[in-house]
Amino acid sequence: MIQTIPRTMFAWRKHRGNMKPIWEQVSVSQAPPTGFLVKMLAAGVCRSDHNLTTNEDQPAWFQDRFTLGHEGCGTIVEIGSHIPSDAGFEIGDVIALLAVPGCGERSCDECKNELQQLCQRGHHSGIGQDGFFAPYATIDVRGAVKVPKGVTPSQAAVATDAVTTAYHAIHRRGQIQSHETVFLFGLGGLGFNALQILRAIGARVLVSDVKQDMLDAARDLGVHDEDIVPIGKDVKEWCREKGWFGKVDVTADFVGVAQTFSDAQFLVRQAGRMLCVGTLNHHNEVHMKIGIRKRLTIIFSYGGQTRDLEDVLELIARGVLDPMVRDAKIGDLPIVMDALQKGEVKGRIALVSQPKPVGKL
Ligand SMILES: [Zn+2]
Ligand SMILES: [Zn+2]
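Residues numbered from 1 in each chain as written. Chains lettered and ligands numbered in written order. Predicted model: local features only at pLDDT ≥ 70, side-chain atom pairs only at ≥ 80, totals over all residues. Heavy atoms only, no water.

Concerning the overall build of the protein chain
Step number 1: The number of helices and strands found in the protein chain is ten helices and 15 strands.
Step number 2: Radius of gyration (C-alpha) of the protein chain: 21 Å, near the 21 Å computed for a compact globule of 361 residues.
Step number 3: Counting only C-alpha atoms, the protein chain reaches 65 × 50 × 45 Å along its principal axes.
Step number 4: Among the 361 residues that make up the protein chain, the fraction classed as buried is 52%. (Helix = DSSP H or I, 4+ residues; strand = E, 2+ residues; numbered from the N terminus. Rg over C-alpha atoms; globule rule 2.2 N^0.38 Å. Buried < 20%, exposed > 50% of the residue type's maximum accessible area, 1.4 Å probe, protein only.)

This is the structure we're talking about:
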């Protein structure tokens, strides 16, 4: 069947000077020479979409107007002229779209050191350049990963950021092993995926969150009651009572407020690791005496890479990971962003053109 690709479409865009996403008519691009044009199937809404819309203090590559959305999944409808026919991609393939796959040039300090997610030269879908909250989008082949059977488009979309970021932090940066005990702060969009990834490794995970339903969800996953900090309980006190104070191998902070960052320095054992992913507070304090005396390692992690996305999709296909995601209509972006901002969303929401009913957000 020959697909007719429209010339124009409506997309959710950021305009410099306007702090709300704008539903605007734009033209549909052609496939870039080294990439694809895809018909979007699902696009995940991230907390950072709010920041991208309202914070204009951004890097130089940010365009004055761009289409938002940096977690995507779509069907290939056009293949770029420089993609060889044996590259393994065909029209009709469903692919997950990694927003920042890097430029891949050997002259790029980031890409040559396997730091693609920090590359400034490559395209940044939905982060200052056109992304996925639209019926059609383009992607470079470096950011395209075929979606295995058994993974839904919404799962694949949220896998590209929320799951891949957690996976990269835990495996590549934290290098967390099965014999280690991890204290996990925060079971939100990323943290709950982190919990599943850690459990798949076989590590023991102690969890805290401010929401009872997320602690219940952790229990449903198999976390024992004795490893769950009750709501309202002081984390340091709980660790003292349970014998974990100064004994935890790794803290994984998916919140990043003053309290969690401070607590982590007390909980972690001598020569332990503090893995930092959440950034709710822009500034946190290092207790120099504790850090040096215990010889701690603070590890920051940011984003993920195509190889992480490949692993993650495979784990979802095998049922090892089950990202929490529900569908909403593409037109509902402002409502979803608002609900996310108010902390009313459990897990993630993906925008699709024909959603299943979701009930309350
Ligand atoms: Zn994001
Ligand atoms: Zn690069």
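Considering the coordination of the zinc ion (ligand 1)
Step number 1: Bound to the zinc ion (ligand 1) on the protein side are Cys46 (SG), His70 (NE2) and Asp161 (OD), at distances that span 2.0 to 2.2 Å.
Step number 2: One chain supplies every donor to the zinc ion (ligand 1), and in sequence these donors are spaced C-x23-H-x90-D. One end of the pair, Cys46, is in the loop between strand E3 (35–45) and helix H1 (48–54); the other, His70, is in the loop between strand E4 (65–67) and strand E5 (71–79), with 24 residues separating them in the sequence. The pair Cys46 / His70 is uniform in exposure class, with both members buried. (Donors = N, O, S within 2.8 Å, 3.2 Å for Na, K, Ca; no water.)

Focus on the UniProt feature "domain: Enoyl reductase (ER)" (unreviewed entry) in the protein chain
Step number 1: Within the UniProt annotation, "domain: Enoyl reductase (ER)" (unreviewed entry) is assigned to residues 17–351.
Step number 2: Along residues 17–351 one finds 29% helix and 24% strand; the C-alpha atoms at either end are 25 Å apart. (UniProt positions renumbered as here; feature names shortened; annotations may be inferred.)

Digging into the domain arrangement of the protein chain
Step number 1: The domain architecture assigned to the protein chain consists of domain 1 (8–161 + 304–352) and domain 2 (175–300).
Step number 2: Relative to domain 2, the C-alpha centre of domain 1 lies at a distance of 29 Å.
Step number 3: Listed per partner, the contact involves eleven residues of domain 1 and twelve residues of domain 2.
Step number 4: When domain 1 packs against domain 2, close to 850 Å² is buried across both sides, 62% of that on carbon and sulfur atoms.
Step number 5: Taken as a group, Leu321, Met324 and Lys346 account for 42% of the area that domain 1 buries against domain 2, more than any other trio of residues on that side.
Step number 6: The interface formed by domain 1 and domain 2 contains two residue pairs in polar contact (both at pLDDT 80 or more).
Step number 7: In the side of domain 1 that touches domain 2, the residues fall into five nonpolar, two polar and four charged. (Domains from an automatic or database assignment. Contact = heavy atoms within 4.5 Å. Buried area = accessible area lost by both parts, 1.4 Å probe. Polar contact = N/O pair within 3.5 Å; in protein donor to acceptor, adjacent residues only side chain to side chain. Nonpolar A, V, L, I, M, F, W, Y, C, P; charged D, E, K, R; others polar.)

Quick word on the side chain of Glu71
Step number 1: With respect to the element layout, Glu71 can be found in strand E5.
Step number 2: For Glu71, the side chain forms a polar contact with the side chain of Arg348, separated by 2.5 Å.
Step number 3: Once residues within four sequence positions are removed from consideration, Glu71 is found in contact with Ala42, Ala43, Gly44, Val45, Cys46, Phe132, Ala157, Val158, Thr160, Asp161, Ala162 and Arg348.

Let's talk about the pairing of E3
Step number 1: Taken across its eleven residues, E3 has nine buried, putting it largely inside the fold.
Step number 2: For E3 and strand E7 (residues 136–140), the ladder comprises five bridges, and the chain directions are antiparallel. Pairing of Gly35 across the sheet is with Asp140, part of E7.
Step number 3: Where E3 meets E5, seven bridges bridge the pair, whose relative direction is antiparallel. Each residue of the ladder has a partner; that of Met40, found in E5, is Gly74.
Step number 4: Of the pairings in the sheet, the one linking E3 to strand E15 (residues 348–352) comprises three bridges and is antiparallel in character. Looking across to E15, one finds that Val45 is bridged to Ile349. (Pairing = 2+ DSSP bridges.)

Considering the sheet that holds strand E12 (residues 268–276)
Step number 1: Here five strands make up an open sheet; going across it, the order is E10-E9-E11-E12-E13 and the pairing parallel. The strands lining the two open edges of the sheet, one partner per strand, are strand E10 (204–208) and strand E13 (297–300). For this sheet, the mean inter-axis angle between neighbouring strands, taken without regard to orientation, is 20°. (Axes fitted to C-alpha atoms, helices over the stretch in contact; angles between N-to-C directions.)

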